[in-house]
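Observations on chain architecture
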Amino acid sequence: MFIGLLGKANVGKSTFFSAATETAVAIGNYPFTTIEPNVGVTYVKTKCACKHFGITHQNPSCLDGIRLVPVKIIDVAGLVPGAHEGKGLGNRFLDDARQADVLIHVVDIAGTTDIQGQPVPPGTHNPMEDIEFVENEFNQWFKQILMREWQKLLKEILQKTATLVEGITRRFSGLGIKDFEVSDMIKETGLVTKKPTDWTEDDILMFVTKLRKKTKPVLIAANKADLCKDLSIIEKIKKENHVVTCSAESELLLRKASKANLIKYLPGDSVFTISNESVNPQQKQALDLVKNVLSKIQTTGVQAAINYAVFDVLKFITVYPVEDETKLSNKDGVVLPDARLLPVGSTAKELAATIHADLAKGFLHAIDAKTKQRISGDHVLKDGDVIKIISSMSRG
Ligand SMILES: Nc1nc2c(ncn2[C@@H]2O[C@H](COP(=O)(O)OP(=O)(O)OP(=O)(O)O)[C@@H](O)[C@H]2O)c(=O)[nH]1
Ligand SMILES: [Mg+2]
């Protein structure tokens, strides 16, 4: 599970990253503050399985029944139009984010930066232009991967050393794209009836655009919403995209204040309380500003975006492997020690494989701790399942 941040230069990607991971990174109101990628860990929030059993347990990942599950996140260099031709920092950002399962496209919804990422007065720039050009750069990057190898690929097909599906899949293997996804897309686009030698450049662009949308889904984080005078633009974007309204800067401030024990705040909450008498007037003023932002957009949207990307866009589920289905624990007696994010449709055997290859190899059956029923390897798991794997081979 891997989230990539994507977007125009100077829109707040690193601010989002810093808030989400609680790590300090370079942030600046000018384009190309970030050059080398920042990699970190953030958490999705979900209901812990302890709720189902009505138990309490000591686990730093479970806060009053809310489970925090770690997810890797990467912040990369920003984009400007023409990145695929080398403008700005070029499209190295995509090389850095190519393994991402889902992308959060950070957009300056308040229009405070021009198309090159230079600061301008709020409302001066139309964010719709940014959404369009960033998507276009993303598509062009996909297209280049295929175009630069197209003649070689045609030769392989002619010499029967590879099929069309094999040839395309190999070119996209660095992006984690599977052969069935390529094959499905060739059918879906109708290109299955056209000889590869007859595919035009437009056919290739159409094909990769659809493949990109399917394999690298995007959630738009409508950021800098605190500066946005007319939030109705978000409703328009929602008609064709997954969108979450955000103020990464507000989240960063709340997380820092919470870390400094000035406030009580849980990421994703719509309220916070000042818990420390020693808050100085400047801090109080900053916190009051954030309070105003929350009254306008409910939550800062950072936690909501991470959850939405994993659970709504990717449709992942959370499953709890245990070694003792009665005590719901591992061998050391730790209750619900582990929570795993899996694609919807994952089976008990696939869960075993995420723990250890040997567990899957020697898989005999599994036990659903909620129902105490024995389940087979191809049993499809549900969100919140607590599972014990029985295998003839132990892990490691
Ligand atoms: N008002 C407001 N400002 C924000 C928000 N998020 C980021 N900023 C500001 O926007 C500027 C750019 O932030 P960065 O996080 O460096 O942006 P970036 O997209 O990583 O920029 P590059 O690395 O240059 O592409 C900084 O001045 C941030 O303080 C927000 O939600 N609201
Ligand atoms: Mg940055």
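Residues numbered from 1 in each chain as written. Chains lettered and ligands numbered in written order. Predicted model: local features only at pLDDT ≥ 70, side-chain atom pairs only at ≥ 80, totals over all residues. Heavy atoms only, no water.

A separate point is the site of ligand 1. Near ligand 1, the surroundings consist of 23 residues, among which Lys 13, Thr 15, Thr 33, Asp 226 and Glu 249 are the closest. In this structure, Thr 15 approaches ligand 1 through a side-chain N or O atom, which is 2.5 Å from an oxygen atom. Asn 223 places a polar side-chain atom, nitrogen or oxygen, 3.1 Å from an oxygen atom of ligand 1. Protein chains shield 93% of the accessible area of ligand 1, which is 660 Å² for the free molecule. Among the elements of the structure, helix H1 (13–21) and helix H10 (248–259) are those that each provide at least two residues to the shell around ligand 1. When residues in the shell around ligand 1 are grouped by element, the largest group, three residues, is from H1. Here the shell around ligand 1 is built from residues that sort into eight nonpolar, 11 polar and four charged. (Near = heavy atom within 4 Å. Polar contact = N/O pair within 3.5 Å; in protein donor to acceptor, adjacent residues only side chain to side chain. Areas by Shrake-Rupley, 256 points an atom, 1.4 Å probe, with all protein chains shown as cover. Helix = DSSP H or I, 4+ residues; strand = E, 2+ residues; numbered from the N terminus. Nonpolar A, V, L, I, M, F, W, Y, C, P; charged D, E, K, R; others polar.)

This paragraph deals with the packing of aromatic side chains. A complete count under the given rule lists six aromatic pairs for this structure. Summarising the aromatic geometry, the rings of Phe 138 and Phe 142 are spaced 5.9 Å apart at their centres and angled 75 degrees between planes, so their arrangement reads as edge-to-face. In this pair, Phe 138 and Phe 142 are both assigned in helix H4 (residues 127–147), four residues apart and thus about one turn of the helix distant. Of the two residues examined, Phe 138 and Phe 142, each falls in the buried class. Ring-pair connections join several aromatic residues into one group, and the members of that group are Phe 138, Trp 141, Phe 142 and Phe 172. We note Lys 72 situated over the ring of Phe 2; from NZ or CZ to the ring centre the distance is 4.5 Å. Here the basic side chain of Lys 291 rests over the ring of Phe 272, its NZ or CZ set 5.2 Å away from the ring centre. (Phe/Tyr/Trp six-rings, centres within 6.5 Å; stacked < 30°, edge-to-face > 60°. Buried < 20%, exposed > 50% of the residue type's maximum accessible area, 1.4 Å probe, protein only. Lys NZ or Arg CZ within 6 Å of the ring centre and 35° of its normal.)

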